[in-house]
Amino acid sequence: MLRWKYSRPLLALLLFVLAIAPLFAGNPLGKPGLQQTMAVAFLWGGLALTYDLLFGFTGLLSFGHALYFATGVYVSCILINHQVVPWWLAALIAMAVSSLLAFLVGAASLRTSGITFAMVTLAFGEAGHVIVNRNFFNLTGGENGIALDATHIPQIWIGVVNTKYIYWTALAALIFTYVVIWWVTESSAGRVFAALRDNEQRVQVLGLNTQHFKLLSFVISAALAALLGFVMLIAAGSAAPRFADSGVTISLLLMVVIGGAVTRWGAVLGGIFYSFASTRMQDLTQQESFKKIPHWIGGPIAEPALLLGLIFILIVMFSPGGLSGAYYRLRLKALSHKKP
Amino acid sequence: MNTLSVKDLHVKINESHILHGVSFEVPTNKVTALLGRNGVGKSTTLRSIMGFYPGTGSVQLNGVEILGKPTYKIVQSGAAFVPEDREIFSSLTVKENLSLAARGKNNEKAYESVYGLFPELDTRAQQLAGSLSGGQQQMVAIARALLNKNEILLVDEPTKGLAPKLVTEVADVLARVAHETTMLLVEQNLALVKRVAEHVIVMDQGRVIFQGGPENLSDAAWVHQMLGVSGGHK
Amino acid sequence: MDTFILIGITGIGLGALYFLIASGLSLIYGLMGVLNFAHGSFLTVGAFVGFWVASKMGAETSMPEFILAMIVGGLAAGLFALLIEQLLITRLYERHIDQALVTVGVSLVVGALLGGWFGNDLRMFPTPLWFLTAIDVGGAKIPADRVVYIATALLLLVGNWALLKFTRIGLVIRAGVENRNMVNALGINVKKAFSTVFFLGGFAAGVGGVLVSVYSNGVSPLIAGSYLIYGFIVVVIGGMGSVPGSFLAAMLIGIIRQFANYYVTGLGDFVVVILLAGVLLIKPQGLLGKVKA
């Protein structure tokens, strides 16, 4: 098993390789196809991490996280397309709007807890989905969504040859998210979050207002999700209702549970794996050889949700803590074997 | 003859070790009082016997091991439980509370004797249990246990939070019931204990530190300090 | 006036569909603390099995045939719910978050299986022809199928009430919603009540699935989506574990949503969410919910 002093330099090395790979033509990451897939996967990794801050670190089972991500996508897209503000200011405003929304929704729904909280956040999240679907004031484009007007953003983000810049932007957004959440969860506020998850009463006894800390976690996570939403807008080229669907939140939950909550890297890895696997499985099932499989098997397998859903159920039933949890258990075992 | 025998019972709840090898006997047809300060593990002992918490060691009811069995089976094998805070079903009527508890088919006799003990429950049969006074709710809780033929009655602080007048009423009931059954009673009220108990167990910090007759409990200051109990209202 | 009646009755019909979903969700949550995301798949399974039965009868069905399809769909969904409960939920006893997660997994897998087999296009549900006619109520022309929804929901409400009120298992369920540990401590195996509630909830959802597919003009693996979410909202507004509360909230939401949508298209969903926020602020335990001790 890896020792701590090796794992950090190794992580740095991995990041370095990921960062420079698009510069060289000889490897898969030199091609725009995989660059695009990985850019989207990085963004999902980041989103999973923002969800881990809620679900893993604070113990809030929110089913409405898509709302804040979609706010990032839509608000920045609308502001850019209508040329209200420059693109970078649009991204900042989207983050601010998302934070405000999280503050309001959080203040109302945090009056409940546990499972009720899950239901209530789900309802608010769905309201967001409904709103973008309805195309109020002709702003959101209804079911078709809105295409991003490419003339108002930096030209390095436009065109297939420039996919590598999107790749780097997504990687940078992921690293930024990771650093912020690392900082938040290792700070004194972060320890309160963890204590909240384990024993809320104990925190209350210390004289801290638990609601304020939960709300803070809710708002931080929403702001970061909005930022990732802006980058997703650049990567996808449009804002579509699927970003606001409660399916997004459920995917995030799957990613965090598969990767393992509270370890940070588990959520990121879960997100990257999930996104990558979904995309690749769809490509795979388009191939000729796949069409020979009888329909009653081939049909369901062509749906990525089948395999990912089954993996998810197995992990919940038999390996709580996900992949990273299993890793730490193995490491603990190895350590206890060494010491007699 | 002992109805219940607990040997070396260890219980952990959320990683904290609450009971450290509790051992005691509950003699048949006697009232045994379990005493000790708040937080020494009296309620946990009772609840572990009832199968609410998993533990190690041995708990035997009439020679049959019940530790590790699900709660409902322990109850079916003859251990009735009257919990702290009564835990009656406040949205059900008094009658519904009782019929939920009654297990036998023809239990008119059981109802008769219970209504004999608590005539108020008969007149208030259709009232919602949540609208009863604290003392009446305690009657429902005890009546639930008495409806079935039991080997032993486990009663957890029946006078807690009751007004002095009601304490006397509950004490009267317990004294009457005491003649007919084996009982393990957790109680802080020393006067009540002296009145009904024939056997006393004292716990401290998750262990049994004394077993014997109630005559050993004087009004001496050390008893009060050790037990953290009140002398009762006289 | 007739538009008023039309919108009102359509709203009640919609509310009836919400109630069929919400009653099961509410009891399952109230009794076991399980937030059941698989409830939508119970609905879909019921819809597909009901569709299979009905299409055996031809392109249109007689009323008894339709009722048969509804009952078989309901039974299939009930058995499926029982299977999920026995196979997955009971093994995660008292691990509420994990239980909710597992039901999320179930809904994904069921969606993928049905989507893979049948595709996501709508398939017309064979109904009696008179469903398409209109009934005259106070001058308003009410589509006849609405009456079927309302009658079914009322029947299930009464059946539910009778079961809870007059049977032993109903008594156990009501007591268990309040305090399941104490039910155990009276020598009753409360897990039997869990299975009953899952079966009944699945049955109601399955019957609801057949009706939802009539209302949405066909069967597809996607029909459950918005109904599950409305089911959750109804449960929260009505109060967890309270079947009458679910009924009241379902009717309220159905009617309010229809009226709001009539005046401004799309406003309905928005108003419902505002209503939800309002209820949470004023009465967090819901209209008829009890504060758990």
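Note that the structure is predicted; figures quoted are calculated from it, not measured.

Colleague: Got a sec to walk through the overall build of chain C? Specific residues and values, please.
Modeller: Helix and strand counts for chain C stand at 10 helices and two strands. Moving toward the C terminus, one meets the helices and strands of chain C in the order α-α-α-α-β-β-α-α-α-α-α-α. For chain C, whose C-alpha radius of gyration is 19 Å, the value lies close to the compact-globule estimate of 19 Å for 293 residues. Principal axes of the C-alpha set define a box for chain C whose edges measure 55 × 45 × 35 Å. For chain C, with 293 residues in total, the buried portion stands at 59%. If you take every contact in chain C between residues at least 6 apart in sequence, the share linking residues at least 24 apart comes to 77%.

Colleague: Can you break down the overall build of chain B residue by residue, with the values?
Modeller: Counting its secondary structure elements, chain B contains nine helices and 10 strands. For 234 residues, the compact-globule estimate of 2.2 N^0.38 gives 17 Å, and the C-alpha radius of gyration of chain B, at 17 Å, lies within 12% of that figure. C-alpha atoms of chain B, sized along the principal axes, occupy 45 × 40 × 35 Å. The 234 residues of chain B split such that 43% are buried. Restricting the contact set of chain B to residue pairs at least 6 apart, pairs at least 24 apart contribute 71%.

Colleague: Quick rundown of the arrangement of the chains? Include the residues and the values.
Modeller: Most contacts, compared over the two pairs of chains touching, are made between chains A and C. Looking at chain A next to chain B, you find no contact at all, with the nearest C-alpha pair sitting 11 Å apart.

Colleague: I'd love a proper account of the interface of chain C and chain A, names of residues and values included.
Modeller: In many reports, interface size means the accessible area that the parts give up when they come together. Listed as interface residues are 34 residues of chain C and, on the opposing side, 35 residues of chain A. The biggest single contributor to the side of chain C that touches chain A is helix α4 (residues 96–118) of chain C, with 16 residues. Of the residues belonging to the side of chain C that touches chain A, the class tally is 24 nonpolar, seven polar and three charged.

Colleague: Any details on the sheet that holds strand β7 (residues 152–156) of chain B? Residues and values, ideally.
Modeller: Residue and element names in this part refer to chain B. Taken in spatial order, the six strands of this open sheet run β6-β7-β8-β3-β9-β10, and their pairing is mixed. The two strands at the open ends of the sheet, each matched to only one other strand, are β6 (79–82) and β10 (207–212). The sheet shows a mean angle of 20° between the axes of neighbouring strands, direction not considered. Where β7 lies against strand β8 (residues 183–186), four bridges are found, and the strand directions are parallel. When the bridges of β8 are listed, Asp-156 appears paired with Val-186.

Colleague: Describe the pairing of β8(B), with residues and values.
Modeller: Residues and elements named next belong to chain B. Side-chain alternation along β8 places Met-183 and Leu-185 on one buried face and Leu-184 and Val-186 on a second face that is also buried. Both strand β3 (residues 31–35) and β8 contribute to a ladder of four bridges, which runs parallel. Bridged to Leu-34 within β8 is Val-186. In this region the chain leaves β7, passes through helix α7 (residues 164–178) and returns to the parallel neighbour β8; the handedness of that crossover is right-handed.

Colleague: With reference to specific residues and values, describe the confidence of the model for chain C.
Modeller: On average, residues of chain C score 90 in pLDDT, and 99% of them reach the 70 mark or higher. Complex prediction metrics read pTM 0.85 and ipTM 0.87.

Colleague: Account for the interface of chain C and chain B, naming residues and giving values.
Modeller: At the junction of the two partners, chain C supplies 15 residues and chain B supplies 18 residues. The residue makeup of the side of chain C that touches chain B, split by class, is seven nonpolar, five polar and three charged.

Colleague: Could you give an account of the environment of Gly104(B), with specific residues and numbers?
Modeller: All names here are of chain B. Within the element layout of this structure, Gly-104 appears in the loop between α3 (94–101) and α4 (108–117). A tally of 11 C-beta atoms within 10 Å means that Gly-104 is categorised as exposed. The sequence separation of Gly-104 and Lys-149 amounts to 45 residues, and the corresponding C-alpha distance is 8.9 Å. Among residues more than four places away in sequence, those in contact with Gly-104 are Ala-110 and Asn-148.

Colleague: Run through the sheet that holds strand β4 (residues 55–61) of chain B, naming residues and quoting values.
Modeller: Residue and element names in this part refer to chain B. If you walk across this open sheet you meet the four strands as β2-β1-β4-β5, and the pairing is antiparallel. Among the strands making up the open sheet, the edge pair consists of β2 (16–27) and β5 (64–65). Alignment of β4 against β5, held across two bridges, turns out to be antiparallel. Of the residues in β5, the one forming a bridge with Leu-61 is Val-64. In the packing of helix α1 (residues 42–49) onto the sheet, contacts are made with β1 (2–13), β2 and β4, and the angle to β2 comes to roughly 70°.

Colleague: Give me the lowdown on the pairing of strand β2 (residues 140–143) of chain C, citing residues and values where you can.
Modeller: Residues and elements named next belong to chain C. Sheet topology note: the strand β1 (residues 134–137)/β2 ladder contains four bridges and is antiparallel. Considered in β2, the bridge of Val-137 is made with Ala-140. The turn linking β1 back onto β2 is made up of two residues, and Gly-138 within it adopts a positive phi angle of 55°.

Thresholds, definitions, all that
Residues numbered from 1 in each chain as written. Chains lettered and ligands numbered in written order. Predicted model: local features only at pLDDT ≥ 70, side-chain atom pairs only at ≥ 80, totals over all residues. Helix = DSSP H or I, 4+ residues; strand = E, 2+ residues; numbered from the N terminus. Rg over C-alpha atoms; globule rule 2.2 N^0.38 Å. Buried ≥ 20, exposed ≤ 12 C-beta atoms within 10 Å, placed from the backbone. Contact = placed C-beta atoms within 7 Å. Nonpolar A, V, L, I, M, F, W, Y, C, P; charged D, E, K, R; others polar. Pairing = 2+ DSSP bridges. Axes fitted to C-alpha atoms, helices over the stretch in contact; angles between N-to-C directions. Right-handed = clockwise from strand over helix to strand, strands pointing away. pLDDT = per-residue confidence, 0-100.

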